[in-house]
There are 2 protein chains.
Amino acid sequence: MAGGVGSRFWPYSRNHRPKQFLDFFGTGRSLLQQTVDRFRPIVPIENVLIVTNVMYRDVILEQIPDLRREQILCEPARRNTAPCIAYAVSHISARTSEANIVVAASDHLIMQEDEFRRVISTGLDFVENHDVLLTLGMKPTRPETGYGYIQKEKQWTEDGRELSSIYTVKTFTEKPDLELAKVFVDSGEFLWNSGIFLWNLQSIRKAFRTYQPEISEPFRRGENMMGTADEDTWIQEVFPTLPSISVDYGIMEKADNVYVMEADFGWSDLGTWGSLYSLSPKDAEGNVSLKSDALFYHSHGNVVTLEPGKLAVIQGLDGYIVAEADGVLLICKQQDEQSIRQMVTDAEVKFGGKYN
Amino acid sequence: MAGGVGSRFWPYSRNHRPKQFLDFFGTGRSLLQQTVDRFRPIVPIENVLIVTNVMYRDVILEQIPDLRREQILCEPARRNTAPCIAYAVSHISARTSEANIVVAASDHLIMQEDEFRRVISTGLDFVENHDVLLTLGMKPTRPETGYGYIQKEKQWTEDGRELSSIYTVKTFTEKPDLELAKVFVDSGEFLWNSGIFLWNLQSIRKAFRTYQPEISEPFRRGENMMGTADEDTWIQEVFPTLPSISVDYGIMEKADNVYVMEADFGWSDLGTWGSLYSLSPKDAEGNVSLKSDALFYHSHGNVVTLEPGKLAVIQGLDGYIVAEADGVLLICKQQDEQSIRQMVTDAEVKFGGKYN
């Protein structure tokens, strides 16, 4: 999934260049490229589908040059994750009746890629032989209020044997407040909802038919268009009529065959400057400079991103974001980063589209 | 005088581009250009001499295209204002035995240019007919600790008539602390030392001979070189041997014919970010954005300078300098701006000459 437009990393991310296409850490690879690279050893590139907005097709082809154009599925409108996944599922169904599927966002950060592949492979083996909807739950390392939580319940048993990392799900919980998040983490029962799903083709098709017929029915009617010259026209027409709903809410919270696989591979959804800060290597005073040179004086806990080759000299700042990109410099307290959306709107109103 | 190299406005000013060559307020004219323009209605351009370092000759010719190359006198070394002025005086002497001279820095800001020209014209008329060394003292508007002060004494009387704006000088005082500066301003007796001097050619020659023979004697010996093809070679040899001393300390504080002319034309020596801030138009929250677009949130009393066409979005900052130029971004509390020199040194040590 690579359709996000997010303004949360503004001015670093923009509408024309959302975060999945950015190289946050100056490694030379964007988050999307890192995501694709991460799967290469276990998923042949020709089996990768990327669902996105048509305006990002060219940047994706540029960033992943060995991808064929037909592997990029373009949503004509933003309809959250359920229609997005249904589109990909329908596309896969046109080619095969048997497949094991991983659904992943293109803008997550994963530190331990070997462990990630071990977990994904284990999960794929599992869903191949079971009619289940499996989601990955990450062992929480802090009481993060920016993530959803999954409460695990009973361990999966098979042939009288417990499969140590797979559990039934007791509850899904939206982003909690700090107090509740602390309780969650202390309990040992809660995992972060990673938004990474594994299932086989028939299980997810059945789940859509059962819980989201409003989405599955149009795709069933258009089945014979998939992979043909008419696919684009048909999608243009039908997709915008679909309900906007997340797969978590629309399916996972409703289905009775949902399981969570506990995992721990240094995951972050990089949803906020704060999460970016917490993941980045820091100097002795807790300052992060992502790409550029930096000198800090009487300053603590800042995250700075300027273009490589620049120098930041920061004096007397604690806990700020300092981000510059494409002619916009943002200086904002990390604790107030939720106001960045409003700032983007204000800049739009005051200066027209000049700084979008 | 246009030889200053100052790092106080770093990163906005650099060694290769000190503040006199910068357009601080985005008006399209540098401080040097504004200084020359200010004199044009009362001083023919061919009577302007600019004393500077040879490395700035080209930028001066570029900025003042109607200046001839010979009007730029190049100091081969920095020797403070007394040798600088002696050089210009010697150059003028080679052309004429009668002249009235104004000495002015090229990096001051003057808001009321008509009043400035009225004062200068009055002063020039006065020094034409009197053997005096006249300095301009600015009516202080605040207890500024960054300036020297001149204590005025008795009004000049002539033919039994008091000349309202000219006084004898009781004391010259270096930069005072804040408490003393307050006493100075409250007393009504103290004026800011502007460093703008007026005198006739013979009076200043006599003063150099009397108080700075170490400077005047070499220039007397080289008199016949001035304005010839040998001038440069001779200056290269002699100038570095001269003592480094200010005209204030070397002459004005010693001579017995020193007078101060009280004036008020919106003067600032723009010596610090703080003085730049205090002179600039502010929004309702006391924020200054010199050239670029800006949005401020919960922010007060900041001065921001980015390149025109950029946008600064500043949240939760009070009393900071935010300055970006040539790949360096500085964020520093205004009250700590004296540490900028150290930061420049640190950047030099840590990153070589990359950000000088």
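Coordinates for the structure precede this section.
Residues numbered from 1 in each chain as written. Chains lettered and ligands numbered in written order. Predicted model: local features only at pLDDT ≥ 70, side-chain atom pairs only at ≥ 80, totals over all residues. Heavy atoms only, no water.

J.: Just give me the short version of the pairing of strand E14 (residues 311-315) of chain B, but keep the residues and values in it.
T.: With 5 of its 5 residues buried, E14(B) lies for the most part within the structure. The sheet contact formed by strand E16 (residues 328-333) of chain A and E14(B) spans 4 bridges and is parallel. Looking at the pairing, Ile331(A) lines up with Ile314(B) of E14(B). Of the strand pairs in this sheet, strand E12 (residues 293-297) of chain B and E14(B) are connected by 5 bridges, and their pairing is parallel. Bridging from a neighbouring strand, Phe296(B) pairs with Ile314(B) of E14(B). (Buried < 20%, exposed > 50% of the residue type's maximum accessible area, 1.4 Å probe, protein only. Helix = DSSP H or I, 4+ residues; strand = E, 2+ residues; numbered from the N terminus. Pairing = 2+ DSSP bridges.)

J.: Could you give an account of the packing of aromatic side chains, with specific residues and numbers?
T.: Residue and element names in this part refer to chain B. Inspection of the entire model under this criterion finds 30 aromatic pairs over all chains. Judged by centre distance (6.2 Å) and plane angle (55°), the ring pair of tyrosine 87 and phenylalanine 239 falls under tilted. Of this pair, tyrosine 87 sits in helix H3 (residues 81-95) while phenylalanine 239 sits in the loop between helix H8 (231-238) and helix H9 (247-252); the two residues are 152 residues apart in sequence, bridging distant segments of the chain. You can call phenylalanine 239 buried: its relative accessible area is 1%. (Phe/Tyr/Trp six-rings, centres within 6.5 Å; stacked < 30°, edge-to-face > 60°.)

J.: Pulling in residues and values, what's your account of the sheet that holds strand E13 (residues 303-305) of chain B?
T.: Taken together, 6 strands build an open sheet; the order of strands is E12(A)-E14(A)-E16(B)-E15(B)-E13(B)-E11(B) and the sheet is mixed. Looking along the sheet, the strands with just one partner apiece sit at the ends: strand E12 (293-297) of chain A together with strand E11 (288-289) of chain B. Two strands pair when backbone bridges link them, and E11(B) and E13(B) are joined in this way by 2 bridges, in the parallel orientation. By the bridge assignment for E13(B), Val288(B) is matched with Val303(B).

J.: I'd love a proper account of unusual backbone geometry, names of residues and values included.
T.: With an omega of 5°, the peptide bond between Trp10(A) and Pro11(A) qualifies as cis. For Pro11(A), the position within the fold is in the segment before helix H1 (31-39). The phi angle at Asp326(A) is positive, at roughly 45°, despite the residue not being glycine. Following the sequence through the fold, Asp326(A) ends up in the loop between strand E15 (320-325) and E16. What makes Asp326(A) partly exposed here is its relative accessible area of 46%. The phi dihedral of His298(B) is positive, around 45°, even though this residue is not glycine. Tracing the backbone through its elements, the reader meets His298(B) in the loop between E12 and E13. The exposure class of His298(B) is exposed, given its relative accessible area of 65%.

J.: Account for the interface of chain A and chain B, naming residues and giving values.
T.: At the junction of the two partners, chain A supplies 34 residues and chain B supplies 34 residues. At the boundary of chain A with chain B, total buried surface from both sides reaches about 2800 Å², with 59% on carbon and sulfur atoms. Together, Leu311(A), Gln315(A) and Leu329(A) form the three largest contributors to the area buried by chain A at its contact with chain B, with a combined 23%. Put simply, chain A and chain B have 2 salt bridges between them. For the salt bridge of Glu324(B) with Lys310(A), the shortest nitrogen-to-oxygen distance reads 2.9 Å. (Contact = heavy atoms within 4.5 Å. Buried area = accessible area lost by both parts, 1.4 Å probe. Salt bridge = Lys/Arg side-chain N within 4 Å of Asp/Glu carboxyl O.)

J.: Please provide a residue-by-residue account of the side chain of Asn200(B), values included.
T.: Residue and element names in this part refer to chain B. Position of asparagine 200 relative to the elements: it lies in strand E8 (residues 190-200). A relative accessible area of 12% places asparagine 200 in the buried class. At 2.9 Å, the side chain of asparagine 200 and the backbone oxygen of valine 127 are in polar contact. Once residues lying within four places of it in the same chain are set aside, the contact partners of asparagine 200 are Ala99, Asn100, Val127, Glu128 and His130. (Polar contact = N/O pair within 3.5 Å; in protein donor to acceptor, adjacent residues only side chain to side chain.)

J.: Could you give an account of the packing of helix H3 (residues 81-95) of chain A against helix H6 (residues 201-211) of chain A, naming the residues involved and the relevant values?
T.: Residue and element names in this part refer to chain A. At a minimum axis separation of 11 Å, H3 and H6 run at an interaxial angle of 130°. Judged by the inter-axis angle, H3 sits oblique to H6. Relative to H6, the crossing made by H3 is left-handed. Residues Ala82, Ile85, Ala86, Val89, Ile92 and Ser93 of H3 lie in contact with H6, whose contacting residues are Leu201, Ile204, Arg205 and Phe208. Counted by class, the contact of H3 with H6 contains 8 nonpolar, 1 polar and 1 charged residues. (Axes fitted to C-alpha atoms, helices over the stretch in contact; angles between N-to-C directions. Parallel < 35°, antiparallel > 145°, perpendicular 65-115°, else oblique. Left-handed = near helix turned anticlockwise from the far one by under 90°. Nonpolar A, V, L, I, M, F, W, Y, C, P; charged D, E, K, R; others polar.)

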